[in-house]
Amino acid sequence: VYLKGVTAYGFKSFADKTHVTFGRGVTAIVGPNGSGKSNITDAIRWVLGEQSARNLRGARMEDVIFSGAENRQPLNYAEVTLKLDEAGQLIDGAAEIEVTRRLYRSGESEYFLNHNKVRLKDITELFLDTGLGKEAFSIISQGKVDEILNAKPEDRRQLIEEAAGVLKYKKRKKETESKLSETVGNLARVNDIIFDLE
Ligand code: ATP
């Protein structure tokens, strides 16, 4: 998968619709302090499903919506779209896909996959084990390197598991285990009925 570009409207300092295109190889974003460089990585993390306002350097999630500036009215919603290329790993046979998140001041939140409305769960599952998820290693922000080096072994293992692609199997195992225990419960009830009938 390859992140081709980001389009933001009403997200943090992006009052105007802003496109950022990523070329192959290294892209450097330069600008003075406070000009919005980190807001770009915040926007990417947000579309990937970030649910913590604090991780986006805000107090409430609504803080990501453009709050106005000199001669500029606040906006009513924030919308960010990621354009991903070579997305066959995410959706079989897909070349290019678009993932969008929108948030209104009312708190209403929407996610879209190729312009179709989906749930947050669909987005999370789409990126699971790809290394692109919000908890993944695709965005290493300031201070993150220290955090990884100082992390507890279990926490560091999670990062390695995501890279190795085993999280998907852990999740499926958990789902299967809960189905199994449900079935064991049902079986016990059937046995009770058989016992009563005998
Ligand atoms: P630094 O080099 O200091 O890390 P930066 O270029 O990474 O700076 P950001 O931290 O991405 O800058 O951008 C911060 C700017 O975004 C601030 O000027 C802040 O006022 C603006 N900003 C953040 N949230 C909003 C919002 N909801 N509405 C309007 N502006 C916002």
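Rules behind the numbers
- Residues numbered from 1 in each chain as written.
- Predicted model: local features only at pLDDT ≥ 70, side-chain atom pairs only at ≥ 80, totals over all residues.
- Domains from an automatic or database assignment.
- UniProt positions renumbered as here; feature names shortened; annotations may be inferred.
- Helix = DSSP H or I, 4+ residues; strand = E, 2+ residues; numbered from the N terminus.
- Buried ≥ 20, exposed ≤ 12 C-beta atoms within 10 Å, placed from the backbone.
- Contact = placed C-beta atoms within 7 Å.

Partitioning the chain into domains gives domain 1 (2-133) and domain 2 (172-198). Relative placement of domain 1 and domain 2: their C-alpha centres are 44 Å apart.

Feature annotation in UniProt assigns "binding site: ATP" (unreviewed entry) to the following positions: Pro32, Asn33, Gly34, Ser35, Gly36, Lys37, Ser38 and Asn39. Relative to the elements of secondary structure, Pro32 occurs in the loop between β2 (18-21) and α1 (37-47). For Pro32, a count of 7 C-beta atoms within 10 Å translates into the label exposed. Setting aside residues up to four positions removed in sequence, Gly36 forms contacts with Lys12, Ser13 and Gly31.

With that out of the way, let us pick up unusual backbone geometry. Non-glycine residue Glu86 carries a positive phi angle of around 50 degrees. Within the fold, Glu86 resides in the loop between β3 (77-85) and β4 (97-104). Look at Glu86 and you get partly exposed, because 13 C-beta atoms sit within 10 Å. Notably, His115 is not glycine yet its phi reads approximately 70 degrees, a positive angle. Within the element layout of this structure, His115 appears in the loop between β5 (109-113) and β6 (116-118). His115 sits in the exposed class, given 8 other C-beta atoms within 10 Å.

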